[in-house]
Amino acid sequence: MQAAEPSAEERRAIEAGLAEGGSIEEALSAATATLSGTGAAPTGLAISPTPYNFGDVTIGTPSAPQSFTVTNTGDAESLAISISLGGLDATQFELGADSCSGMTLAAAATCTVEVIYNPASSGLHTGTLQATAGAATASATLQGRAASAASIRLLPGSQDFGTVVTGSSSSDVMFTLTNTGGVATGTINHTFGGADAAEFSVRSSTCAGAPLAGGASCTITVRFNAATAGAKNATLDVTDGALTASATLTANGVAPGAILNERTAAETGDYAGSWGAI
């Protein structure tokens, strides 16, 4: 490569150096200019937060929008930014409000874009939020789990507590409440309904006052307390405020001294005379 010719100013400096009796090396050194500067770092991008987990979401019910911040981490203005979704389950996520797409970012400047998790199928889903500006790229990892809506079932669906003498109580009967859905219910509460609700009571409950997780069960133990004679009808009603499940309760109260002694009647065949005191 041919060396560059010295400028007129450099030639004058060399000639002056030689005229003063200096060597050619000293004259060239005196004519040399020192150059320095700081180069600008190329544009870089970053996205936060990453990773982000949307948690459990019911199929068909979009999550709340989550805002992500895109930052130009370089020292120069970026090219126009492009935003997209990628990854295995990209279609389970949606873009919301976007102040980044098509914009350029000055050094250290930011913009924001929202992502919504809106699953159409159950299971664990992963994806990425991607930002690109020329050769500069950045991504955030997305995750969420979709499940079927909560649904509750109460078993047994009906229960006869039998015949009980007034002033006495039946044996306890356990009812099982199951959430057959994939996400938690709201807070569970239960009450008795029907004409004879006051003659039934809850002995114990692992259901009341808390949500029931997807696929989980809890129990309610019920007793019939015969206050008056006659056939009794009531319901055990369970709700989380949106979902409900009920069981039908029946029983029979009899007064002391009027209960049929079925054993005696069976042995003698004399049902007419088989009433006796207890």
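Residues numbered from 1 in each chain as written. Predicted model: local features only at pLDDT ≥ 70, side-chain atom pairs only at ≥ 80, totals over all residues. Heavy atoms only, no water.

Trainee: It is not clear to me how unusual backbone geometry should be interpreted in this structure. Could you clarify?
Mentor: Excluding glycine, a negative phi dihedral is what most residues carry, and trans is how most peptide bonds are arranged. At the junction of S48 and P49, the peptide bond is cis and its omega measures out at 0° in the coordinates. On the secondary structure map, P49 appears in the loop between β1 (45-48) and β2 (52-58). Here the residue pair T50 and P51 is connected by a cis peptide bond, since its omega of -5° sits within 30 degrees of zero. Inspection of the secondary structure assignment puts P51 in the loop between β1 and β2. A positive phi angle, close to 70°, is found at A108, a residue other than glycine. In this fold, A108 is placed in the loop between β5 (93-98) and β6 (110-117). According to the relative accessible area criterion, A108 is exposed, its value standing at 59%. (Helix = DSSP H or I, 4+ residues; strand = E, 2+ residues; numbered from the N terminus. Buried < 20%, exposed > 50% of the residue type's maximum accessible area, 1.4 Å probe, protein only.)

Trainee: Looking at this structure, I do not really get the environment of L129. What am I missing?
Mentor: Take L129: it is sitting in strand β7 (residues 123-133). Judged by its relative accessible area of 0%, L129 falls in the buried class. Apart from the residues within four sequence positions on either side, L129 is in contact with I47, F68, I83, S84, L85, L95, V113, V115, A138, S139, A140 and L142. (Contact = heavy atoms within 4.5 Å.)

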